[in-house]
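# Results of the structural survey
Here are the chains, one letter per residue:
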Amino acid sequence: MNSAVEEHITILKHKDFKSDYKPVWCAGCGDFGVLNALTKAMAALELKPENLAMIAGIGCSSRIPAYTSAYGFHGVHGRALPLATGLAVSRPELTVIATGGDGDGFSIGGNHFLHACRRNANLSYLVMDNAVYGMTKGQASPTTACDWTGSKLSPQGTGQPPLQPLEIALAAGAPFIARAFSNSPNELARIVAEAIEFEGFAFVQILSPCITFRPEQLGWKKRVHEGFEPTDDRAAAFAALAEDDGFTTGVLYRAPRPRYQPERRESVDIETIQKRFEVCS
Amino acid sequence: MSPLNDLGSFLAHAVVLEDEAATRYRELADAMAVHNNPEVEELFAKMAGYSEMHRAEAVAHAEQRAGGLPDLKPWEFEWPGDESPESGRLESSHYLMTPFHALELALEAEEGALAFYSSIASRTHDRAIRELAEEFSAEEKQHAEALKKWIAQYPEPPENWDDDLDPPVPID
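A few words on the overall build of chain B. Helices and strands together make up the secondary structure of chain B, namely four helices and zero strands. Mapped in sequence order, the helices and strands of chain B form the string α-α-α-α. When its C-alpha atoms are laid out on the principal axes, chain B stretches across 60 × 35 × 25 Å. Here chain B holds 172 residues, and the buried ones make up 44% of them.

The following block contains the structure:
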């Protein structure tokens, strides 16, 4: 039984949001920090696991729903957002969090990302970006620098400029855009909590180093710096991104607008549905 | 509400510092279990046990205080770094790490806690906070000294300790 002190300090309840599964991530993976921050944010907001749904696609980071005590769905590669959108609009009383990596979200699921930004359903989208396909053992992803030669598939680099997730989210109409770093779990928890509380689509790019295939990313700790000041002015947000070195953290843009929430239709029985599909009677 | 001038805040920091240290050691133990490194797994589990014991002591201190503790959000704690100072650095872990490395990681964490409490003891103007900070600082110093003796029992690993004949390298 917990003492009065333990009951009072809500941050101590972050363990209630972790499952009994041991993460299979590599030792030292940035995603451990994300799991910590996420569960801390859930505890800080005093959410209830039974009212939470974690939706993911495929990849190392997409395993995260299994490591929480929330309801979870590990869907098809790149399809976390359509699943999460469907759930968010059909069960608006739930807190819906979509998670995944840069490959899952910006390549395989890139089209869904664009439309989730403009559609603005009430959900948070946390992308753990390590600029590599880790689960398939280290190929260049959409956010990999053009000159990265760490994969035999692109021995001279991809030669293609990396995708800029924040710029794309802003251009596509996302009303909440932020960036955070997995090695700063308390600051990340603050941003995740803000994203969860935001009414609408909240996108957070989380720089989360891949210690195995991109060990040089351990150096991110020295490069990451605070700097974004939240604005509701799109032009100001674009201007901030023009100056961004890719390592600026904070909430970049916060401009609430009406969220996508279609009217609930009256439910119908299966016979009525069958009749609607009858070609001839 | 700073731990420097509010006793409740100071005690909340002390409880959460030990709680997060224990959580981190459990995470590290789990990671070693997953990667079949039972020797280091056992060591991290032992460290987690110690941190849980210290957490219980910090809770007992907090319970003696009348007036309760502030319920701070994770981002409202005033840590000297990105997270609480006794949380072993995740990025220092490796699936092939040896007990020597694990104890070095733990020593760095204990020294982080020692520096935290020492800094508060030297800066606070609150007598009760200073006395507690000095007490906790002395305990952390003892833990660090014990770890140094423990480390001395292990030979320093060779330079190629992380060599893996079947490494997780790109396969494309």
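It is worth spelling out the overall build of chain A at this point. Assigned secondary structure in chain A consists of ten helices and eight strands. Over its C-alpha atoms, taken along the principal directions, chain A stretches across nearly 65 × 60 × 40 Å. For chain A, restricting intrachain contacts to residue pairs at least 6 apart in sequence, the fraction spanning at least 24 positions comes to 69%.

Below, the discussion takes up helix α2 (residues 31-44) of chain A. The end-to-end C-alpha distance of α2(A) is 20 Å, a good match for the 20 Å that 14 residues give at a rise of 1.5 Å each. Counting buried residues in α2(A) gives 14 out of 14 residues, a clear majority hidden from the surface.

All right, on to the sheet that holds strand β1 (residues 52-56) of chain A then. All names here are of chain A. Strand order across the open sheet formed by eight strands is β2-β1-β3-β4-β6-β5-β8-β7, with mixed pairing between neighbours. Strand pairing shows two members of the sheet lacking a second neighbour, β2 (71-74) and β7 (225-226), which therefore form its edges. Where β7 and strand β8 (residues 248-254) come together, two bridges link them in parallel fashion. Bridge pairing links H225 to T248 in β8.

Across the boundary between the two partners, chain B contributes 34 residues, which contact 38 residues of chain A. Top contributing element to the side of chain B that touches chain A by residue count: helix α1 (residues 7-34) of chain B, with eleven residues. Taken together, the residues that form the side of chain B that touches chain A break down as 19 nonpolar, five polar and ten charged.

The next thing to look at is the packing of helix α3 (residues 80-90) of chain A against helix α5 (residues 110-119) of chain A. Residue and element names in this part refer to chain A. Contact geometry of α3 with α5 gives a least axis separation of 9 Å together with a crossing angle of 30°. With respect to each other, α3 and α5 are oriented roughly parallel. Here α3 runs over α5; the crossing is left-handed. The residues of α5 that touch α3, namely those facing L81, P82 and T85, are H112, F113, A116 and R119.

What follows is about the confidence of the model for chain B. All names here are of chain B. On average, residues of chain B carry a pLDDT of 92, and 96% of them reach 70 or more. The secondary structure element of chain B with the lowest average pLDDT is helix α2 (residues 38-64), at 93, and the one with the highest is helix α3 (residues 99-123), at 97. Interface confidence for the predicted complex, expressed as ipTM, amounts to 0.92; the pTM equals 0.93.

As a further point, take the packing of helix α6 (residues 165-172) of chain A against helix α9 (residues 234-242) of chain A. All names here are of chain A. Following both chains from N to C, one finds α6 and α9 inclined at 165°, their axes separated by 10 Å at the closest point. Here α6 is positioned roughly antiparallel relative to α9, judged by the angle of their axes. For the pair α6 and α9, the sense of crossing is left-handed. Where α6 approaches α9, its residues L166, E167 and L170 are matched on the opposing element by R234, A237, F238 and L241.

A word on the pairing of strand β4 (residues 124-129) of chain A. Residue and element names in this part refer to chain A. Most of β4 is tucked away: six of the six residues are buried. Burial of β4 is two-sided: the residues S124, L126 and M128 facing one way and the residues Y125, V127 and D129 facing the other way are all buried. In this sheet, β4 lies alongside strand β3 (residues 95-101) in parallel orientation, the contact comprising five bridges. In the strand pairing of β4, A98 is matched with Y125. The pairing of β4 with strand β6 (residues 202-207) spans six bridges and is parallel. When the sheet's bridge partners are listed, L126 is paired in β6 with V204.

Attention shifts here to unusual backbone geometry. All names here are of chain A. The backbone of E46 sits at a positive phi, close to 55°, despite the residue not being glycine. By the secondary structure assignment, E46 is in the loop between α2 and β1. On the basis of neighbour count, E46 is assigned to the exposed category, with 9 C-beta atoms found within 10 Å. Despite not being glycine, K137 shows a phi value in the positive range, around 80°. Following the sequence through the fold, K137 ends up in the loop between β4 and α6.

The rules behind these values
Residues numbered from 1 in each chain as written. Chains lettered and ligands numbered in written order. Predicted model: local features only at pLDDT ≥ 70, side-chain atom pairs only at ≥ 80, totals over all residues. Helix = DSSP H or I, 4+ residues; strand = E, 2+ residues; numbered from the N terminus. Buried ≥ 20, exposed ≤ 12 C-beta atoms within 10 Å, placed from the backbone. Contact = placed C-beta atoms within 7 Å. Expected span 1.5 Å × (residues − 1). Pairing = 2+ DSSP bridges. Nonpolar A, V, L, I, M, F, W, Y, C, P; charged D, E, K, R; others polar. Axes fitted to C-alpha atoms, helices over the stretch in contact; angles between N-to-C directions. Parallel < 35°, antiparallel > 145°, perpendicular 65-115°, else oblique. Left-handed = near helix turned anticlockwise from the far one by under 90°. pLDDT = per-residue confidence, 0-100.

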